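Descriptive structure summary
These are the residues of each chain, in order.
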Amino acid sequence: MAGGQLGVLNALDVAKTQWYHFTAIVIAGMGFFTDAYDLFCISLVTKLLGRLYYTDIRNPKPGVLPPNVQAAVTGVALCGTLAGQLFFGWLGDKLGRKRVYGLTLMLMVLCSIASGLSFGDTPKGVMATLCFFRFWLDFGIGGDYPLSATIMSEYANKKTRGSFIAAVFAMQGFGIMAGGIVALIVSSAYDHKYDLPSYKDNPAGSKVDSLDYVWRIILMFGAVPAALTYYWRMKMPETARYTALVAKNAKQAASDMSKVLQVEVEAEEDKLQHMVESENQKYGLFSKEFAKRHGLHLVGTTVTWFLLDIAFYSQNLFQKDIFTAIGWIPPAQDMNAIHEVYRIARAQTLIALCSTVPGYWFTVAFIDIIGRFAIQLMGFFFMTVFMFALAIPYNHWKNHNNIGFVVMYSFTFFFSNFGPNATTFVVPAEIFPARLRSTCHGISAAAGKAGAIVGAFGFLYAAQSTNPNKVDHGYPTGIGVKNSLIVLGVINFFGMVFTLLVPESKGKSLEELSGENEDDGAEAIEMAGSARTVPV
């Protein structure tokens, strides 16, 4: 075995791919399926909420959410996720991955259901209830990021670890697609029952009171996949790396992994005692030793995730506005309320099916072949290229080739997912010490959500037309979609630059990457502190 590595950890590193690997992917992946469904299904129903609660039939256009309400609906979700990533990431290192894992899932189930309820039937009461429960829903979702990544990395073997962690994250694509499919089914059922006129033809008749159930059903469905996996999450044993290196219980770690791997594993308590007593294993997150070993790594993982999510969430949360701007979705007044839900859901589902899902699984297939660094650098590069390709001839795309715009726009999603959207999730779960792994992943993910907040709010206002007569009601003029896309292209370019700080982790054990093999001495410390990105 490598250097001073414990036998139980070496057994995990060299284990052949077994059924428990795929079981772990399903258990952790269903959490991410639910995360993506809950995070992105709100974009399917915000237009409907505006029609139901803020329409004045004397106006030529149907109602939309006022800027402060739209900001609240978007902001509480992202702030809740950010807070959850920091809190549960820290808690996962303090109490254990498994114990905290069940808590986050239960919070997601309860708040998914509650987000479809409301205190009263006034706009203020409905939106206040929605924002309150979506904050706590996304607080639980935030915890799923560091915990799912850490659990999968600590269970996987080193040969296929990247693919397994990426496969968990890839379930996001199916979650986004599922949100669109559920919305399509619900809207089609209501459209079949009610033959409603467009808003232009009959403002009062373009919606009926029972459409209030549409957005509630779509949001509450997110509780179903989360509830289905709760039992299996509770049956998973704690990871051997947490049990041995953090809880310092080599006997329990060996016992748990003997059952999982179906081989006899020696406890090696004396070796563990020697490892955990080493001065090399006592430094904390805010120590000079951590800064020396992993400071640049943490800067790299946080900044790249921050920059990625500015672009990614700008595109995802407000793609309906982009599709409207290029004419792929008709003007709101030319549709009734249920047709608008259907059109938005169809657009999101097609983008997910044609670019988001394939992009994730390309990463799964190639991450352990060409490495994390190469995929992330390539992804940022092509995202930059396609953003500029969309932005510079934007008027041509808008006026003469709408389908071409959608195809090019899809490529940006493909290379964000076959690129940094997956790798920024994978790498922080591999390169930090076990006692700080969940915390550092949570910090990196929270930086991403801070970027999402910047992107969501920035794009919401920036993408407004420069023409005062064409802006959404209640918004000031912006810089327009074209200039917004140029800004996103520049942000993607800087993502390439900061990728140079992120180390390549392909083919190495977690202890080798973090320097936790105390017997490896100065060589391990030097390797752990290196900012080198290309393996030698």
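Scroll up to find the structure this text is about.
None of these values were measured; they are calculated from a predicted model.

Moving on to helix H3 (residues 42-54). The first and last C-alpha atoms of H3 sit 17 Å apart over 13 residues, in line with the 18 Å expected at 1.5 Å per residue. Leucine 48 marks where H3 bends most, by close to 30°. With respect to burial, H3 is a largely interior element, 12 of its 13 residues being buried. Of all the residues in H3, the buried ones are Ile42, Ser43, Leu44, Val45, Thr46, Lys47, Leu48, Leu49, Gly50, Arg51, Leu52 and Tyr53.

Moving on to the side chain of serine 505. Considering the arrangement of structural elements, one finds serine 505 in the loop between helix H21 (480-499) and helix H22 (510-514). A polar contact is formed between the side chain of serine 505 and the side chain of arginine 372, at a distance of 3.2 Å. Dropping the residues within four chain positions of it, serine 505 is found in contact with Arg161, Arg372, Glu430, Ile431 and Leu513.

What follows concerns the pattern of salt bridges. With the rule as written, the count across this model stands at 14 salt bridges. A salt bridge links arginine 97 to aspartate 93, with the nearest nitrogen and oxygen atoms 2.7 Å apart. Side by side, arginine 97 and aspartate 93 carry an identical accessibility label, which is buried. Between glutamate 154 and arginine 437 there is a salt bridge, with the nearest N and O atoms lying 2.6 Å from each other. Separated by 283 residues along the polypeptide, glutamate 154 in helix H6 (residues 123-155) and arginine 437 in helix H20 (residues 434-462) bring together distant segments of the chain. Like arginine 437, glutamate 154 is buried. Through salt bridges with shared partners, one network takes in Asp93, Arg97, Glu154 and Arg437.

A separate point is the nonpolar core. Generally speaking, nonpolar side chains in soluble globular proteins are found buried as a group. Ranked by internal contacts, the top residues of the largest apolar core, which has 134 residues, are Tyr145, Trp215, Ile218 and Leu485. It is helix H7 (residues 161-193) that contributes the most residues to this core, 16 residues altogether. Contacts of tryptophan 215, omitting those with residues within four sequence positions, involve Val45, Leu48, Leu49, Leu52, Tyr53, Ser115, Gly116, Val126 and Leu130. Listed in part, the 10 residues of the second largest apolar core include Tyr283, Val427, Leu436 and Cys440.

Attention now goes to the packing of aromatic side chains. In this structure the tally under the stated criterion is 34 aromatic pairs. Centroid distance phenylalanine 174 to tryptophan 361: 6.1 Å. Interplanar angle 50°. Geometry classified as tilted. Of this pair, phenylalanine 174 sits in helix H7 while tryptophan 361 is found in helix H15 (residues 337-370), placing the two residues 187 residues apart along the sequence. Overall, phenylalanine 174 belongs to the partly exposed group, its relative accessible area being 29%. Among the residues examined, tryptophan 361 registers a relative accessible area of 32% and is labelled partly exposed. Grouped by ring-pair contacts, the aromatic residues Phe362, Phe366, Phe381, Phe382, Phe386, Phe411, Phe414, Phe415 and Phe418 constitute a single cluster. When the ring centre of tyrosine 283 is taken as origin, the NZ or CZ atom of arginine 435, which lies over that ring, is 4.6 Å away.

Once that is clear, we can look at the packing of H6 against helix H8 (residues 212-220). Here H6 crosses H8 at 5°, and the two axes come no closer than 14 Å. When the interaxial angle is binned, H6 and H8 end up roughly parallel. The residues of H8 that touch H6, namely those facing Val126, Leu130 and Arg134, are Trp215, Arg216 and Leu219. Residues of the contact of H6 with H8, tallied by class, amount to four nonpolar, no polar and two charged.

If you trace the backbone, proline 330 turns up in the loop between helix H14 (319-325) and H15. C-alpha separation for the pair proline 330 and glutamate 340, spaced 10 residues apart in sequence, amounts to 8.5 Å. If we skip the residues at most four places from it in the chain, proline 330 touches Met335 and Arg343.

Topologically, alanine 36 is positioned in helix H2 (residues 19-40). Take alanine 36: its relative accessible area is 0%, and that puts it in the buried class. Each C-alpha atom, one on alanine 36 and one on methionine 171, is 8.1 Å from the other, the two residues being 135 residues apart in sequence. In contact with alanine 36, not counting residues within four places along its chain, are Cys41, Gln172, Gly175 and Ile176.

What counts as what
- Residues numbered from 1 in each chain as written.
- Predicted model: local features only at pLDDT ≥ 70, side-chain atom pairs only at ≥ 80, totals over all residues.
- Heavy atoms only, no water.
- Helix = DSSP H or I, 4+ residues; strand = E, 2+ residues; numbered from the N terminus.
- Expected span 1.5 Å × (residues − 1).
- Bend = angle between axes of the 7 residues up to and from the residue.
- Buried < 20%, exposed > 50% of the residue type's maximum accessible area, 1.4 Å probe, protein only.
- Polar contact = N/O pair within 3.5 Å; in protein donor to acceptor, adjacent residues only side chain to side chain.
- Contact = heavy atoms within 4.5 Å.
- Salt bridge = Lys/Arg side-chain N within 4 Å of Asp/Glu carboxyl O.
- Core = buried A, V, L, I, M, F, W, Y, C linked by side-chain atoms within 4.5 Å.
- Phe/Tyr/Trp six-rings, centres within 6.5 Å; stacked < 30°, edge-to-face > 60°.
- Lys NZ or Arg CZ within 6 Å of the ring centre and 35° of its normal.
- Axes fitted to C-alpha atoms, helices over the stretch in contact; angles between N-to-C directions.
- Parallel < 35°, antiparallel > 145°, perpendicular 65-115°, else oblique.
- Nonpolar A, V, L, I, M, F, W, Y, C, P; charged D, E, K, R; others polar.

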